[in-house]
Amino acid sequence: MARRIAIDSAPQEAITAAVDVLRRGLPVAIPTETVYGLAADATNPTAITAIYETKGRPRFNPLICHMADLAMAERHAIFDPLSQRLAERFWPGPLTLILRLRADSAIHPLATAGLDSVGIRVPRGFAGGLISAFGRPLAAPSANSSGRISPTSADHVEGDLGGRIELIIDGGECPVGVESTIVKVEDGRIRLLRPGGISVEALEAATGKTVIRTQKAGATIEAPGMLASHYAPDRPIRLGATSVAEDEVLITFARATVEGEHLARRVLDLSPSGNLAEAAANLFAYMKKADASGARAIAVVPIPNRGLGEAINDRLARAAAPRE
Ligand code: TXA
Ligand code: MG
């Protein structure tokens, strides 16, 4: 079983032990503000291969490379002025920029799947400090088995990968709860590749530009790894529910009531006060609870599609998509 170190009780030990695992070319599960990541040295092919093996990912997809700060990111990627502005405004934070890889970057092609671009973000909190201490970028997908719901607590990680990794750093629950927003600047325009922890409205307010949405669940795969079916619970998910049937779990929002609610095996409200950021933070944990409840299916009420609601609806659509 993986060793577990809580940042709250042993912050220095958490860094030291994690750096030790990384130096040995192995992955370590770490908290970020979005979800827990399975992090490894982005310059070491053995370490990157270990990420894929641990997750049971069938093939190599490009991974997000996490940097300590903008200066470190600039050593690996070429920034156009708009990407620069986004980085200055939103880093550290849940925004990933797809940028041109510098020819002299030490990031291994296994981390970028051989593309001439690289996905980069600067995470908040412990992860940022760890990267500074380690001194190299960390490639990190979410710390879950391939195709499963991303973990937002150390317990989630332990329950899934605990038998396959050496170390889990426990930073409590992830405050954002959905993965980073991924954008790519092209010809001075911002394209949304994956909605996430920074809303489109926030990107538009910061830049005065209209964000172009091209990626939809089920749409053409924009990047290797953007699979339609993802975040899959075992139980079938029914979206936009206006009623609930016997033996279903209901995931609701803002105290919305639906027909037959008394029949539900369990009712989970993502945010009784109707706060979409709170709903995003609770989403994956509630999907896991619903899945584990033994109910026949999961019914989810309509979620407003503004702000972080867009990321929530994206993850729900993927969870409901036909399995591959
Ligand atoms: O919040 C997050 O982003 C979390 C935490 C751990 O940082 N990470 C995460 O990683 O969600 P992952 O591996 O599940 O998702 C990475 C996504 C993939 O869908 C991949 O297609 C896209 O980023 N990506 C990475 N590099 C890319 C590139 N060069 N071009 C296009 N897409 C890229
Ligand atoms: Mg993932």
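In this text the structure is predicted, and so the values were computed from the model without any measurement.

About the criteria used
Residues numbered from 1 in each chain as written. Chains lettered and ligands numbered in written order. Predicted model: local features only at pLDDT ≥ 70, side-chain atom pairs only at ≥ 80, totals over all residues. Heavy atoms only, no water. Salt bridge = Lys/Arg side-chain N within 4 Å of Asp/Glu carboxyl O. Phe/Tyr/Trp six-rings, centres within 6.5 Å; stacked < 30°, edge-to-face > 60°. Helix = DSSP H or I, 4+ residues; strand = E, 2+ residues; numbered from the N terminus. Buried < 20%, exposed > 50% of the residue type's maximum accessible area, 1.4 Å probe, protein only. Lys NZ or Arg CZ within 6 Å of the ring centre and 35° of its normal. Pairing = 2+ DSSP bridges. Contact = heavy atoms within 4.5 Å. Axes fitted to C-alpha atoms, helices over the stretch in contact; angles between N-to-C directions. Domains from an automatic or database assignment. Buried area = accessible area lost by both parts, 1.4 Å probe. Polar contact = N/O pair within 3.5 Å; in protein donor to acceptor, adjacent residues only side chain to side chain.

## As for the pattern of salt bridges
1) Next: Tallied over the entire structure, the rule returns 19 salt bridges.
2) Next: Between Arg102 and Asp104 there is a salt bridge; the shortest N-O distance is 3.3 Å.
3) Next: Here the salt bridges share partners, and the residues they tie into one network are Arg4, Asp155, Glu158 and Asp170.

## Section: the packing of aromatic side chains
1) Next: This model, assessed by the stated rule, comprises one aromatic pair.
2) Next: With a centroid separation of 6.1 Å and an interplanar angle of 90 degrees, the aromatic rings of Phe79 and Trp91 are classed as edge-to-face. Here the residue Phe79 occupies a position in the loop between β5 (77–78) and α4 (81–90), and Trp91 occupies one in the loop between α4 and β6 (95–101), the gap between them amounting to 12 residues. Accessibility assignment for this pair places Phe79 and Trp91 in one class, buried.
3) Next: When the ring centre of Phe90 is taken as origin, the NZ or CZ atom of Arg89, which lies over that ring, is 4.5 Å away.

## Details of the sheet that holds strand β16 (residues 297–300)
1) Next: With respect to topology, four strands assemble into an open sheet ordered β13-β16-β14-β15, the strand pairing being parallel. Two strands bound the open sheet, and with one partner strand each, they are β13 (237–238) and β15 (266–269).
2) Next: In the sheet, strand β14 (residues 248–252) pairs with β16 via four bridges, with the strands oriented parallel. Counterpart to Leu250 in the pairing with β16 is Ala299.
3) Next: Contacts from helix α9 (residues 276–292) reach β13, β14, β15 and β16 within the one sheet, and its direction differs from that of β15 by about 175 degrees.

## Concerning the pairing of β16
The side chains of a regular strand alternate, residue by residue, between the two faces of the sheet.
1) Next: Taking every second residue as pointing to the same face, both faces of β16 are buried, with Ala297 and Ala299 on one and Ile298 and Val300 on the other.
2) Next: One ladder, built from two bridges, connects β13 with β16; its direction is parallel. Note on β16: the bridge partner recorded for Ile237 is Ile298.

## Some thoughts on the domain arrangement of the chain
1) Next: Looking at the assigned domains, one finds that the chain contains domain 1 (3–213) and domain 2 (237–320).
2) Next: Computed from C-alpha coordinates alone, the two centres of domain 1 and domain 2 are separated by 27 Å.
3) Next: Taken residue by residue, the interface counts 23 residues in domain 1 and 16 residues in domain 2.
4) Next: Summed over both sides, the interface of domain 1 with domain 2 buries roughly 1,500 Å², with 59% coming from carbon and sulfur.
5) Next: The largest per-residue losses of area from domain 1 upon contact with domain 2 belong to Ile149, Val178 and Pro195, which jointly make up 38% of the total buried on that side.
6) Next: Across the contact surface, domain 1 and domain 2 share two salt bridges.
7) Next: One can count five residue pairs in polar contact (both at pLDDT 80 or more) joining domain 1 with domain 2.

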